[in-house]
Amino acid sequence: MLDIKKIRDDFPILDKKILDNKDLIYLDTAASAQKPKVVIDEINSFYSNNYANVSRGVHTLSVESTFRYEDARKKVQKFINADSEREIIFTKSATESINLISNSFASKYINEGDEIILTVMEHHSNIIPWFLIRDRYKCKILFANIDSSGNIDQNHFESLISEKTKLVSITHLSNVFGTIVNQKIINLCNQAGIPILLDGCQSAAHIPIDVKALGCDYYVFSGHKLYAPTGVGVFYGKENLIEELPPYQGGGGMIADVSTDGATFTDLPAKFEAGTPPLVEAYGLGVAIDYVSELGMSEISEHELRLTNYALNKMQELDFVDIHGANGNKHSIISFNIKNVHSHEVSSFLDVEGIAIRAGHHCCQPLMKHLNLNSTARLSFGMYNTEEEIDIFINALKNCRDFFTK
Amino acid sequence: MNDLIKELYQEIILDHGQSPRNFGECDPHNKSADGHNPLCGDNLKLTFYINNEDVIEDIKFTGEGCAISLASASLMTEKLKGKKIDVAEEIFSDFTNLVSGTSEDLKVLNEEDSLYALKGVGGFPMRVKCATMAWHAFKSALKS
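Cut-off values and rules
Residues numbered from 1 in each chain as written. Chains lettered and ligands numbered in written order. Predicted model: local features only at pLDDT ≥ 70, side-chain atom pairs only at ≥ 80, totals over all residues. Pairing = 2+ DSSP bridges. Helix = DSSP H or I, 4+ residues; strand = E, 2+ residues; numbered from the N terminus. Axes fitted to C-alpha atoms, helices over the stretch in contact; angles between N-to-C directions. Contact = placed C-beta atoms within 7 Å. Nonpolar A, V, L, I, M, F, W, Y, C, P; charged D, E, K, R; others polar. Domains from an automatic or database assignment.

Okay, the sheet that holds strand 11 (residues 321–323) of chain A next. Residues and elements named next belong to chain A. As summarised here, the arrangement of the 4 strands in space is 11-12-15-14, forming an open sheet in which the pairing is antiparallel. Edge positions in the sheet fall to strand 11 and strand 14 (358–360), since each has one partner strand and no second. Looking at each pair of strands side by side, their axes are set apart by 30° on average, direction ignored. The pairing of strand 12 (residues 333–338) with strand 15 (residues 376–380) spans 4 bridges and is classified as antiparallel.

This part takes up the interface of chain B and chain A. Each partner contributes residues to the interface: chain B has 15 residues there, and chain A has 15 residues. For the side of chain B that touches chain A, the secondary structure elements donating two or more residues are helix 1 (3–8) and helix 3 (67–80) of chain B. Among the elements that line the side of chain B that touches chain A, the one with the most residues is helix 1 of chain B, at 3 residues. Residue classes in the side of chain B that touches chain A are distributed as 10 nonpolar, 2 polar and 3 charged.

Turning our attention to the domain arrangement of chain A. All names here are of chain A. When its domains are assigned, chain A resolves into domain 1 (4–28 + 297–404) and domain 2 (51–294). Computed over C-alpha atoms, the centres of domain 1 and domain 2 are 28 Å apart. Listed as interface residues are 24 residues of domain 1 and, on the opposing side, 24 residues of domain 2. When contributions to the side of domain 1 that touches domain 2 are tallied by element, the ones reaching two or more residues are helix 12 (297–316), strand 12 and helix 14 (365–370). Among the elements that line the side of domain 1 that touches domain 2, the one with the most residues is helix 12, at 6 residues. Taken together, the residues of the side of domain 1 that touches domain 2 break down into 8 nonpolar, 13 polar and 3 charged.

Structure representation (structure tokens):
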């Protein structure tokens, strides 16, 4: 069992008071996670004591920076159980990671008439890059349907697969429903020999990740949702696959380099890291990975699942609340609406009670159109949340309903 | 109940949010524009008719949105109907100042005005766009 009180002490922002001295109740971790003090302090320390550009100079600071940067890569590799650190590319965001693979993959493999399969519940960052590819290469983007629980409609997904399918790119854990992709979907792609990309923005922070056990060919996630700083994302690709792919951007640092400790880089991963990388941010991600690993991803995952089910049970008792995909197996994320009250009103009302939730379309407009909704409210959990916070949230929901539908 | 919330959701806002006035499409109309809030997906369509004396003879809107955006659109149509364009433009700039918290030098609006009910939006910076969506649609329709 996690010691949540001790964890909360690690996050300075949780001491913040909102407006009329309300305790902050942060239920928007799916948008971005708060940062533990150790991450904040280590970033400060890096800039204060060790900072220089990486993989370029041979002076002491360059070595120290490069060591820290490459060490972070090893931590990511271990964190997602990749075979090699050559498979770990640092980007500025998960969005850039998807733009990297879409551009690089398409320039080698996509021709007119080819098809790429997504689902209707993808985040815009896993739709728009593919639209850009479609416009450039005259390929087709197909959208798999979802069922009422917020899971991929397996029959429909299967019916979309053909010899024209070149790639499947889908969310691992839905940022609207909190549902986790069924392993059968990944297996189907593997059996058909179609490469599959998992968007791990939500999953990396909430469930233990093993890219080999999952069977995905590509996996992307962002640092900031994993208690790390903004400005760093990860792209993982199987070594034999990304070795064949051309670079995404050109610039400095793409070729082999030398530093005093003798480290040299081959094509991978530097081939995909043009320009000075987000090195301090990547280091911060490594620190965050150490932090969550020490607590145990399984323990964090269990705690957040407990919170999710606790909240779901309480919310299902409220007849004025519609939970979207209520029957799905949710993890850490619950989208809902109060009947006849716009999600903006809910969020503003909760805000003055100190409660931070997300309202809007969650960068999932195709899904909102599919659900025939204008917007939803969403609460999401991090390791620092508690049952007491959910009780306060539930009570505030009741007050909100009373206020707007009196 | 928090005072900020009470100020934001005054009775008149909730009323217009639930039962917006001038909801529909002007027939005929000679100006129209779509308003869109990309943050949340709220949207509206504004239509109005300007006669040959530069007076807004009729103005209506349709769309979906939160109470703030609907009430603001509804109150806007009530306020602008029958106004000359130059006066309407002054009201536009007064209103945008009012809801963004710079309400010291208003030219045509005063505290007696129903639009003043939206002043509370200033306490919620992220909601300013909800309140101004219809107004920016009006401005862009004028230019069209």
